[in-house]
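Next come the chains, spelled out residue by residue.
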Amino acid sequence: MAATRAPKKADPAPPPASPDRVPSAEPEFVAMCCALRVTDSIRAAAWQLYEKVLCTCGIVEGRLKKELWGICIFSTAADLDEMTFTFTELLKCLDISMCKFVLLVEGMEDSMDAISTKVHSILLRLKKKYDILFALYQKFERTWGQICVDQPGDQNSSELSSSSVLKLCWITFLLAKGKVLPVEDDLVISFQLLLCVLDYFIKLLPPAALKEPYKSAISALSANGSMRTPRRQSRSLRASKQTDTDMKVIEELCKEHGCNLDEVKNVYFTSFIPFLNSVGITASSGLSEVESISSKYEEMYLSSKDIDARLFLENDETLQDHTECLQLERTPTKNNADENPPGALPQTPVRAAMNTIQQLMMMLNSASDGPSDSLASYFNNCTANPTQDVLERVENLSCVFKQKFAEAIGQGCIEIGSQRYRLGVRLYYRVMESILKSEEKRLSIHNFSKLLNNNIFHVSLLACALEVVLATYGTLRNGLLNDRMMMETDLSFPWIINILDLKAFDLYKVIESFIKAEPSLTREMIKHLECCEHRIMESLAWQSDSPLFELIHQSKERDGPADPLEPSGCLAQPPPQNPTATDLYLSPGSVCSVVIPDIQPALLYQPQRPQKSTFLSLFYKKVYCLAYIRLNNLASRLLSDHPDLIQLIWTLFHHTLQTEYELMKDRHLDQIMMCAMYGICKVKNIDLTFKTIVTAYKELPNTNQETFKCVLIREGQYDSIIVFYNLVFMQRLKTNILQYASNRPPTLSPIPHIPQSPYKSNSPLRVPAGNNIYISPLKSPSKASERLLSPNKMTPGSRILVSIGESFGVTAEKFQKINQMMCNSDRHLKRGAEASPGPKPLKRLRFDMEGQDEADGREQLSGESKFQQKLAEMTSTRTRIQNQKLNDGADISTPDQK
């Protein structure tokens, strides 16, 4: 029943070759190493890695061979911390784009497991930096075109030519970004800094070279004598005279791009002006300083060993988009037709981020920095007034937040952290008041002394509010990366609970109440909080220091060790009522306000054992729902021919979570799921290997390779999922697993009742199949009729909107078009199903202790064809996504999009 391993191959290992002999058979490899200045040790290790790749994929010829050499050199140098070349130098040497290189590395990682976690992380950092810079440059280029008057040849003003100023402006921004913003993935602050740089260089240009409204702004400043000093005067002196009244250009830039003026002013005075002083920009000598600025940037770029972003100015092929990558800034994202007014410009990543922030600002502009009068009255009604504790807690945590924010983003951004915290505090007070009003109506009580004097409740609520603010500012940062390249950012969850010293299990108690109490949350923020809740249920709540285990132990002591945490019979029943934060924090052990509806009156008076209505039981219900959904998604990819096995696997999975819950300590829900699936298939003689399970698992959303590559075996020791199965899971559950092979298997656990998500919004839902068909709840009939019956008020994308069951003035031709789209979707799905066999097993995942994967008995493809097939599949997928996104936005694209 243990997971088997393939016998060791008899291929004789080549003797270790000396560095000078390693590349002797491949002169081009030697030349590449010399061009990249790699050391002999790196050269030898890279060649050995290349030979290892060849053992898996066979003979590789032509251009692909050179590209694999480059990947091996990069991987080895990164692993050994001996990077002698920049990433751009590597791309130039290979004559390959950033996107294509990433695609090749993904192919190696999937097919051969030849890329270490360290290299994977370094590549993710580079890809994130590229994505941010690409989006910013596209925005910068278009913005510059909106600022400057076209000057063909610029023959009359060579010193201040538009193209020269553009070049200097971009390089100055790159230098400033690297100097004052050490975090590469914060696009919002980066864009605000870019506006500061634009403001500076706009003021270098004469009014005649500018378009409106910047021409008028500069003319007004000149007339007032507030900034038009001689061009040869000290720039630092001119900058030092900049005051709040001299911000007309920045005001126009913020208005044009939907940025918060106060935030941009803060970046200007706390980051940009100190940057100018730090790099010694003191005297104006025209644009000859471009070389000086460029040399300073080159020094920084060579030190970081990453991307030379000056090449964006030259449309260099290494930084250009191809079909392998999504065109981030040029591709509009799909918008809710109801959210965008007719004629609105399509969403681009930068604009999407600004719009999301604007929505948050609008929601909180009217909110108070302190408790409102209504909230203060709740405090005054308490037996023990919590006002002083609340204010002191907010002040103390402010210091913690600002300090940790500055450590993560940069010391120059401490005021930005203060602004973010202030928004979080406003949201905290706003939601607290909403919760209390709702609870007052539900419970008919006015004294919330016990709840409002609960420290954990307040910290949890504040943490949730701050997470919403941080996620709002990080929306674009996360959205830029495709699913396979997702990576944690410096401020992403669970950063907030770590710095506030809050347990994830405590935060879990407030999330649902928070969402229900704040109806203005966007769909993206609701989804984000739901993802945080899922992360807590799948792993964070199961950390060894979590209060969850103490709660389980208390339950076992009270009810007996053999008593289940959640009776199996309750699984198929819907939860009686979701508890509120008040319920959970006032009485976490026994939620008395939860009642079971639809019980016959006679039963209410019959003596019976109390229902398990504890918070623990309710938590387990949600965990079971999440676990079964995950299992069903994975099983649908792997066991479609054996549907009877799903309930067996679920029964083992459920039994483990109920009885052997200690196996979850410092582990992940999906690790138990994969082991349960493998164990049942093993005793039922179903040919399903861990390689195949992992391959399918990687295709599920929100998964991480660390889940199956790095599993806790025992304290301080981690290994692959197959080692965990053999040494831990099977040893603990062997007797139980063997029962499924007998004629009298265990009683099957019922399938959990999967309720509709309490976080569903009124946003339109996309019809599966990849076409632009959305289903949205019917809003106001008058507004809907007006929108549908007034072609001049519709966007091109909304002209095909159809309201089922409503009378509207459209012809049958539109129904025919919809039918044709749906039929095409059906054929697409059928073709996909026919051409999509089960997931291919990975070849070189080091699952077992000896580094060999288990045998699966499948016929292997030749090496090059296997690798190239994988690349072809990935390229095809990327191209299909690219085309779909372009189609989504084609109807609403305009040539002057921002």
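Residues numbered from 1 in each chain as written. Predicted model: local features only at pLDDT ≥ 70, side-chain atom pairs only at ≥ 80, totals over all residues. Heavy atoms only, no water.

**Quick word on the overall build of the protein chain**
Part 1: When helices and strands are tallied, the protein chain shows 35 helices and four strands.
Part 2: Buried residues in the protein chain amount to 51% of all 898 residues.
Part 3: Long-range pairs, those at least 24 residues apart, make up 77% of the contacts in the protein chain with a sequence separation of at least 6. (Helix = DSSP H or I, 4+ residues; strand = E, 2+ residues; numbered from the N terminus. Buried < 20%, exposed > 50% of the residue type's maximum accessible area, 1.4 Å probe, protein only. Contact = heavy atoms within 4.5 Å.)

**Brief notes about the pairing of strand β1 (residues 711-714)**
Part 1: As defined by bridge partners, β1 adjoins strand β2 (residues 717-719) across three bridges and the pair is classed as antiparallel. Within β2, the residue paired with L712 across the bridge is Y718.
Part 2: Hairpin connection from β1 to β2: two residues lie between these consecutive antiparallel strands, with G716 at a positive phi of about 80 degrees. (Pairing = 2+ DSSP bridges.)

**So, the packing of helix α16 (residues 387-409) against helix α19 (residues 455-473)**
The relative placement of two packed helices is expressed as an angle between their axes plus a distance between the axes.
Part 1: At a minimum axis distance of 12 Å, the contact between α16 and α19 shows a crossing angle of 40 degrees. In terms of axis orientation, α16 runs oblique to α19. Classified by chirality, the crossing of α19 by α16 is right-handed. Taken together, the residues of α19 that come into contact with α16 (itself represented by V390, R393, L397, F401 and F405) are N455, H458, V459, L462, L466 and L470.
Part 2: The residue makeup of the contact of α16 with α19, split by class, is eight nonpolar, two polar and one charged. (Axes fitted to C-alpha atoms, helices over the stretch in contact; angles between N-to-C directions. Parallel < 35°, antiparallel > 145°, perpendicular 65-115°, else oblique. Left-handed = near helix turned anticlockwise from the far one by under 90°. Nonpolar A, V, L, I, M, F, W, Y, C, P; charged D, E, K, R; others polar.)

**Thoughts on the confidence of the model for the protein chain**
Part 1: On average, residues of the protein chain score 75 in pLDDT, and 65% of them are at 70 or above.
Part 2: Note that pLDDT drops below 50 for residues 592-613; the model gives that stretch 25 contacts with residues more than four away or on any other chain.
Part 3: Within the model, the stretch residues 888-898 combines pLDDT values under 50 with 29 contacts to residues more than four positions away or in other chains. (pLDDT = per-residue confidence, 0-100.)

**Side note on the pattern of salt bridges**
Part 1: Under the criterion given, the structure shown has 28 salt bridges.
Part 2: The salt bridge partner of D316 is K92, with a shortest N-O separation of 2.3 Å. Taken together, the residues span a long stretch of sequence, with D316 in the loop between α13 (290-304) and α14 (349-364) and K92 in helix α4 (residues 87-94) at a distance of 224 residues.
Part 3: Residue E660 pairs with R732 through a salt bridge whose shortest N-O separation is 3.0 Å. Of the two residues, E660 is situated in the loop between α28 (645-659) and α29 (669-683) and R732 in helix α32 (residues 721-739); the sequence distance between them amounts to 72 residues.
Part 4: We classify R732 as partly exposed; its relative accessible area is 41%.
Part 5: Salt bridges here are not isolated pairs; linked through shared partners, they connect E512, K516, E533 and K622. (Salt bridge = Lys/Arg side-chain N within 4 Å of Asp/Glu carboxyl O.)

**A look at the environment of D186**
Part 1: On the secondary structure map, D186 appears in the loop between α7 (162-180) and α8 (187-202).
Part 2: In this structure the C-alpha to C-alpha distance between D186 and I409, which are 223 residues apart in sequence, comes to 8.3 Å.

**Points about helix α15 (residues 373-380)**
Part 1: Taken together, the buried positions of α15 are L375, Y378 and F379. Looking straight down α15, one finds its buried side chains confined to an arc of 100 degrees; they lie on one side. Those residues of α15 that are exposed and angled more than 90 degrees off the buried face are D373 and N380. (Arc of directions from axis to C-beta.)

**Description of unusual backbone geometry**
Note on backbone geometry: most residues besides glycine have negative phi, and most peptide bonds are trans.
Part 1: For the bond running from E212 to P213, omega is 5 degrees, close enough to zero to count as cis.
Part 2: Looking at the element boundaries, P213 is found in the loop between α8 and α9 (214-224).
Part 3: Note that the residue after F493, namely P494, is joined by a cis bond; omega there is 15 degrees.
Part 4: Here P494 is to be found in the loop between α20 (475-479) and α21 (495-499).

**Comments concerning the side chain of N266**
Part 1: The topology assignment puts N266 in helix α12 (residues 261-278).
Part 2: Judged by relative accessible area, N266 falls into the buried class, the value being 8%.
Part 3: Dropping the residues within four chain positions of it, N266 is found in contact with S271, E415, I416 and Q419.

**Considerations on the nonpolar core**
Part 1: Grouped together as the largest cluster of nonpolar side chains are 247 residues, with contacts concentrated most on F101, I496, W542, F619, M677 and F729.
Part 2: With residues up to four places along the chain from it excluded, the contact list for F729 reads L652, T656, L663, I672, C675, A676, F724 and I737. (Core = buried A, V, L, I, M, F, W, Y, C linked by side-chain atoms within 4.5 Å.)

**A look at the packing of aromatic side chains**
One pair of aromatic rings is described through two measures. These are the centre distance and the angle between the planes.
Part 1: This model, assessed by the stated rule, comprises 44 aromatic pairs.
Part 2: Considering the side-chain rings of Y137 and W170, the 4.9 Å spacing of their centres and the 70 degrees angle between planes classify their relative orientation as edge-to-face. With a gap of 33 residues between them, Y137 in helix α6 (residues 117-147) and W170 in helix α7 connect regions that are remote in the sequence.
Part 3: Take Y137: its relative accessible area is 4%, and that puts it in the buried class. (Phe/Tyr/Trp six-rings, centres within 6.5 Å; stacked < 30°, edge-to-face > 60°.)

**Looking at the packing of α6 against helix α11 (residues 248-257)**
Part 1: Where α6 meets α11, the closest approach of the two axes is 13 Å, and the angle between their N-to-C directions is 120 degrees. Relative to α11, the element α6 lies oblique. The crossing of α6 and α11 is right-handed. Here K139, T143, Q146 and I147 of α6 come into contact with α11, specifically with L253, E256 and H257.
Part 2: Of the residues contributing to the contact of α6 with α11, the split by class is two nonpolar, three polar and two charged.

**Details of the environment of I357**
Part 1: Within the secondary structure, I357 is located in helix α14.
Part 2: A relative accessible area of 6% means that I357 is categorised as buried.
Part 3: Spatially, the C-alpha atoms of I357 and Y473 are 6.4 Å apart, while their sequence positions differ by 116 residues.
Part 4: Setting aside residues up to four positions removed in sequence, I357 forms contacts with V188, T472 and Y473.

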